[in-house]
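# Notes for the structure review
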Amino acid sequence: MAIQLPTVAVVTPVYNGAKFLREAMLSVQAQTYPNLVHFVLDNASTDATPDIIKEFDGGRVPVVTARNEALLPIAQNWNRCVELGSQGNDYFRVLCTDESLQPTCIEKMVALAETDPLLSVVGCNHSTTFGLEDLHWDRTRAIFSGSEAARSCLVGECGLATSHLLYRTSVLSLRDKLFEEGSQHFDTEAAFFLLTRENARFGFVHGPVGFSHRHAASLSSTIAAVLHTDFLEWFTIVERYAGTVLTPEALRKYKRSYKRHYYGRML
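Fair warning: this is a prediction, and the values are worked out from it, not measured in the lab. (Residues numbered from 1 in each chain as written. Predicted model: local features only at pLDDT ≥ 70, side-chain atom pairs only at ≥ 80, totals over all residues. Heavy atoms only, no water.)

Along the protein chain, the regular secondary structure elements total nine helices and ten strands. Relative to a compact globule of 267 residues, whose C-alpha radius of gyration would be 18 Å, the protein chain shows 18 Å and is just as compact. If you line up the protein chain on its principal axes, its C-alpha atoms span 60 × 50 × 35 Å. Burial statistics for the protein chain: of 267 residues in total, 51% are counted as buried. Of all intrachain contacts in the protein chain linking residues separated by at least 6 positions in sequence, the fraction that spans at least 24 positions is 81%. Accessible surface computed for the protein chain: about 12800 Å², of which carbon and sulfur atoms make up 55%. (Helix = DSSP H or I, 4+ residues; strand = E, 2+ residues; numbered from the N terminus. Rg over C-alpha atoms; globule rule 2.2 N^0.38 Å. Buried < 20%, exposed > 50% of the residue type's maximum accessible area, 1.4 Å probe, protein only. Contact = heavy atoms within 4.5 Å. Areas by Shrake-Rupley, 256 points an atom, 1.4 Å probe, with all protein chains shown as cover.)

Take a look at the structure:
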């Protein structure tokens, strides 16, 4: 009797993504994982995005699409994309339009997630325009407690590529909206929310199974790097979640150090 594989949705929220969208969608079509659907939410694009989406009608991996009649803020659009695209599926993975997947990406991430029902989030190493971005997780292990993973990220021992995460769809029941609307770093906040929950576990695929373009039009380049929103929003994450994974003394030292760094950058 054949074993039924978990169903997975790759969800792509897109706004005027014509430059890279075809590459992203082709990478989904090339996935080795068979039980897969690609959901694309067009956020009222005014470029060639709708035409590119239509090119994939009848593809090997089914493509399901929807379009917002009016432009939504980015976090709100991500939430809508995840809510619509993940329905009826066991896992979902956000794929931004300026990113792509190696052919075995979904296969490897799901295989790891299936080894432990408490694994709600799976990450991976990925390559960028400038080469491999190694996030420095212990290569002798693939599973970490959520608190250990959150602490390692907070203190800078390891990194977290929050746009390259596979989520168990059940995480959507944990709060009203997975991504905090109004935050520029909503994907990072969501990851820490999930990792710091009781009994949470984090899985990591060490191979570089994702790819990210680094370009001047990205959100990081146009907003975060210009306004330095990452400094303030990271401190907000520290205020919310660091107390669950650091000792009181370690937390006090961390906050003092971070404030000195933050004030120095302001000056």
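Most of strand E1 (residues 8–14) sits inside the fold, with seven of its seven residues counted as buried. The side-chain alternation of E1 yields two buried faces, one formed by Val8, Val10, Thr12 and Val14 and the other by Ala9, Val11 and Pro13. Examined bridge by bridge, E1 and strand E2 (residues 36–42) share seven bridges and lie parallel to one another. Bridging from a neighbouring strand, Thr12 pairs with Val40 of E2. The parallel pair E1 and E2 is bridged by helix H1 (residues 18–29), and the resulting crossover is right-handed. By the bridge criterion, four bridges tie E1 to strand E4 (residues 91–94) in an arrangement that is parallel. Looking at E4, one finds that Ala9 is bridged to Phe92. (Pairing = 2+ DSSP bridges. Right-handed = clockwise from strand over helix to strand, strands pointing away.)

Within the secondary structure, Asp116 sits in the loop between helix H4 (105–113) and strand E6 (119–128). Judged by relative accessible area, Asp116 falls into the buried class, the value being 9%. At 2.4 Å, the side chain of Asp116 and the side chain of Arg201 are in polar contact. In contact with Asp116, not counting residues within four places along its chain, are Ile143, Arg168 and Arg201. (Polar contact = N/O pair within 3.5 Å; in protein donor to acceptor, adjacent residues only side chain to side chain.)

This part covers the nonpolar core. Val11, Phe92, Trp137, Tyr167, Phe179 and Phe202 are the most contacted members of the largest nonpolar core, which totals 47 residues. Considering every element that reaches this core, the biggest residue donor is helix H6 (residues 186–195), with seven residues. For Val11, the residues in contact, after removing those within four places along its chain, are Phe39, Cys81, Val82, Gly85, Ser86, Phe92, Arg93, Val94 and Leu95. Membership of the second largest hydrophobic core comes to 22 residues, among which are Ala24, Tyr91, Leu101 and Ala113. (Core = buried A, V, L, I, M, F, W, Y, C linked by side-chain atoms within 4.5 Å.)

When you line up the elements, Trp137 lands in the loop between strand E7 (131–133) and strand E8 (143–145). A relative accessible area of 4% means that Trp137 is categorised as buried. Along the chain, Trp137 and Gly159 lie 22 residues apart, while their C-alpha atoms are 7.8 Å from each other. In this structure, Trp137 is in contact with Phe144, Ala149, Ser152, Cys153, Cys158, Gly159, Leu160, Phe202, Phe204 and His206, ignoring residues within four places of it in sequence.

This part is about the packing of aromatic side chains. Summed over the entire model, instances satisfying the criterion amount to ten aromatic pairs. Ring centres 5.0 Å apart and planes at 15° place the aromatic pair Phe92 and Tyr167 in the stacked group. One end of the pair, Phe92, is in strand E4; the other, Tyr167, is in strand E9 (residues 166–168), and 75 residues separate them in sequence. Judged on exposure class, the residue Phe92 and its partner Tyr167 are both buried. Plain terms: the ring middles of Tyr167 and Phe179 are 6.4 Å apart, the flat faces sit at 85° to each other, and that makes the pair edge-to-face. You can see Tyr167 sitting in strand E9 and its partner Phe179 sitting in the loop between E9 and H6, a full twelve residues away along the chain. The residues Tyr167 and Phe179 share a single accessibility class, namely buried. Three or more aromatic residues joined by ring pairs make a cluster, and in this case those are Trp78, Phe92, Tyr167, Phe179 and Phe186. The ring of Phe193 carries the charged tip of Arg175 above its face, separated from the ring centre by 4.0 Å. (Phe/Tyr/Trp six-rings, centres within 6.5 Å; stacked < 30°, edge-to-face > 60°. Lys NZ or Arg CZ within 6 Å of the ring centre and 35° of its normal.)

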